[in-house]
Amino acid sequence: MSFENKNTWFRALQAGGLDPLHAAFEAAWREQQGSIGKDHGHYINGKAKAGGGVYSAKTSPSDARMLVGRFVQGTKDEALAAVAAAKAAAPAWRATPWQERADLLDRVADVMTRRFWELCCAMTLENGKNRFEASIDVDEGIDFCRSYAAQMREHNGFVTSMGSPFPGEANETRFLPYGVFAVIAPFNFPIAITAGMTVGALVTGNTVVLKPTQDTPLCGELVYECIAEAGVPAGVINLVHGSGSVVGQALVDSDDVDGFVFTGSVGVGLQILHTAQRRCAKPVIAEMGGKNPIVVSAKADLDKAVDGVFNAAFGFSGQKCSACSRLYLQQDIAEDFLARLVRRMQGVVVGQPALKDTFMGPVVNARALKTYLDAVALARRDGGRFIAGGEQILTGDLAHGYFVQPAVVTGLPASHELFRRELFVPFVAVDTFATLDEALRKANDVEFGLTAGVFTEDTAERDFFFSHIEAGVTYCNRRRGGSTGAVVDAQTFVGWKNSGTTGRGAGGRNYLQQFMREQSRTIVTG
Ligand code: NAP
Ligand code: MG
């Protein structure tokens with residue numbers, strides 16, 4: 001399949017440089033200053049609803065003095081009112097021709113393209129993504145819309161003529177929507193993943209109740225706005241702000257929600273899976289955590305490998321689900337590799353994510369900061385040696401945010417929990433191996449199976465890695481991200497083991513079918 005890379009930064013580079021991209025971001029950043037700090041309610045049945053709960057302040061992880069806005073804490077009743085609106089809208093939406101639903105997604109992509117830099121800046125403010133990473137996030141959201149619209153058309157709305165075993169018998173199979181989908185979204189790709197899950201449910205004929213995380217409620221609302229602006233009947237999409245334990249749980253407990261699409265941590269994902277299905281069978285499409293390894297062989301090009309590990313481990317402060325958090329080095333090259341990695345890290349700019357040269361912004365909240373500091377303390381207690389990082393950054397205005405140094409620790413035993421538990425902060429644990437077989441055993445010895453990478457110039461080693469690694473998204477020699485950086489329609493983003501419940505991935509060719517159930521129709525004439 002021919003593939004055109006539509007990423008904004010990639011096209012800007014090809015067109016002569018990133019200056020226009022920087023200028024656009026900075027203009028939007030200045031404009032944003034005038035619109036932040038407002039009160040935000042829900043959107044139910046096409047209308048803004050103030051909500052009866054308390055409004056709580058959401059501040060930027062970069063600086064607690066920067067108010068993003070005040071967001072209503074939804075109640076159980078408000079969540080259920082949104083479900084009722086989605087349920088009432090479901091019959092008409094299901095009956096809407098799939099061509100119209102596909103056209104809607106193209107219009108959503110158009111709106112997101114027009115509001116591109118506004119979305120990027122909201123994200124930089126709200127979760128601390130730098131401008132470059134934020135632009136990739138928004139691009140990905142647009143790509144999901146275009147890809148899923150195209151897939152509906154390619155599959156003829158998932159209506160297929162089947163065989164006719166007997167004279168006069170016509171058979172077809174149709175994929176039909178379930179009804180109401182709850183979309184429960186994470187903070188780390190607050191436009192891309194939120195939009196991708198939501199439009200996946202919508203284009204297949206389901207109506208939606210969207211619950212963004214409290215860490216990125218503004219981005220959730222912007223996704224809602226883009227879809228609403230593209231023109232969708234009242235009640236087809238509803239948004240409820242609030243906590244997972246109140247609003248999320250109310251959705252999970254509701255018999256009127258027919259399916260779930262969730263991206264987040266394994267603990268919450270498995271809880272949703274088990275609770276949602278306790279009374280009746282319903283789909284739970286859950287994409288969950290990772291503890292992603294990169295294996296560097298003695299036959300690797302170490303320059304490539306250092307870049308690949310650095311980008312994968314520390315891009316967006318280690319808060320990509322695909323981030324590298326375990327590094328396995330073949331013994332002969334371990335020392336040399338680590339020396340180079342530490343040199344590579346010396347130039348890294350950790351700072352305000354809105355500034356042009358910042359590579360790493362903050363971690364997302366106080367809990368993530370504590371996770372980092374606790375992991376550092378645990379590693380030190382158990383004999384770990386930090387060859388880089390390990391401290392919070394408290395210089396100047398960074399003391400007002402959640403900034404930490406990217407950390408690399410050696411000397412922990414392979415069985416240590418820091419090789420197993422997802423931390424979701426910029427923290428890499430390093431181990432060595434003698435044979436590739438040993439490396440793969442170690443790499444696979446976790447509950448997760450999301451992404452993984454290898455660096456080797458030896459094709460037999462590469463093939464051995466691909467055929468033995470237990471992970472859904474795998475890479476060989478990827479300098480731009482040794483375990484990160486999936487692009488819609490290029491890499492299906494799918495988790496194995498406890499990284500996903502369905503074995504099918506977003507942005508791939510088998511994702512949309514999960515939002516529908518198949519019906520075989522036999523019509524006998526004559
Ligand atoms: P999270 O803490 O698990 O939260 C995800 C969502 O679940 C939030 O909207 C949260 O709401 C909600 N929630 C919490 N408790 C709930 C409950 N009892 N019932 C229903 N909903 C509930 O995840 P996160 O911190 O936002 O995101 C990071 C995690 O996502 C990491 O584990 C990462 O690996 C994973 N991730 C996976 C993929 C993938 O494709 N596999 C992609 C991206 C991220 P509140 O936060 O508002 O309470
Ligand atoms: Mg969380």
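Note that the structure is predicted; figures quoted are calculated from it, not measured.

Asks: Run through the site of ligand 1, naming residues and quoting values.
Replies: Looking at ligand 1, there are 32 residues lining it, with A185, S265, M288, C321 and E422 nearest. Separating an oxygen atom of ligand 1 from a backbone N or O atom of A185 is a distance of 2.8 Å. Within the backbone of M288, a nitrogen or oxygen atom sits 2.7 Å from a nitrogen atom of ligand 1. Isolated, ligand 1 exposes 910 Å² of accessible area, and the fraction of that covered by the protein chains is 89%. For the shell around ligand 1, the secondary-structure elements that each account for two or more residues are α9 (244–253), β11 (259–263) and α10 (266–276). No other element matches α9, which puts four residues into the shell around ligand 1. Partitioned by chemical class, the residues of the shell around ligand 1 number 15 nonpolar, 14 polar and three charged.

Asks: Can you tell me about the sheet that holds strand β14 (residues 324–330), naming the residues and giving the values?
Replies: Pairing is mixed in the open sheet, where seven strands are placed in the order β15-β16-β17-β14-β13-β19-β20. A single partner strand is all that each edge strand has here, and the edge strands are β15 (385–388) and β20 (473–476). Each adjacent strand pair in this sheet contributes to an overall mean axis angle of 25 degrees, direction not counted. Relative to β14, strand β13 (residues 292–296) is paired through five bridges, and the arrangement is parallel. If you follow V296 over to β14, its bridge partner there is L329. The strands touched by helix α14 (residues 436–444) are β13, β14 and β17 (427–433); relative to β17, the strand with the most contacts, the crossing angle is about 145 degrees.

Asks: Please give an account of the domain arrangement of the protein chain that cites residues and values.
Replies: If you check the domain split of the protein chain, you get domain 1 (10–55 + 68–162 + 173–288 + 503–519) and domain 2 (292–487). In this structure, domain 1 and domain 2 have C-alpha centres spaced 30 Å apart. Listed per partner, the contact involves 18 residues of domain 1 and 20 residues of domain 2. Counting the surface lost from both domain 1 and domain 2, the interface buries some 1,700 Å², and carbon and sulfur atoms represent 60% of this. Taken as a group, N130, E133 and F187 account for 25% of the area that domain 1 buries against domain 2, more than any other trio of residues on that side. Between E133 and K320 there is a salt bridge; the shortest N-O distance is 3.0 Å. In this structure, the connection of domain 1 to domain 2 is made through six residue pairs in polar contact (both at pLDDT 80 or more).

Definitions and cut-offs
- Residues numbered from 1 in each chain as written.
- Chains lettered and ligands numbered in written order.
- Predicted model: local features only at pLDDT ≥ 70, side-chain atom pairs only at ≥ 80, totals over all residues.
- Heavy atoms only, no water.
- Near = heavy atom within 4 Å.
- Polar contact = N/O pair within 3.5 Å; in protein donor to acceptor, adjacent residues only side chain to side chain.
- Areas by Shrake-Rupley, 256 points an atom, 1.4 Å probe, with all protein chains shown as cover.
- Helix = DSSP H or I, 4+ residues; strand = E, 2+ residues; numbered from the N terminus.
- Nonpolar A, V, L, I, M, F, W, Y, C, P; charged D, E, K, R; others polar.
- Pairing = 2+ DSSP bridges.
- Axes fitted to C-alpha atoms, helices over the stretch in contact; angles between N-to-C directions.
- Contact = heavy atoms within 4.5 Å.
- Domains from an automatic or database assignment.
- Buried area = accessible area lost by both parts, 1.4 Å probe.
- Salt bridge = Lys/Arg side-chain N within 4 Å of Asp/Glu carboxyl O.

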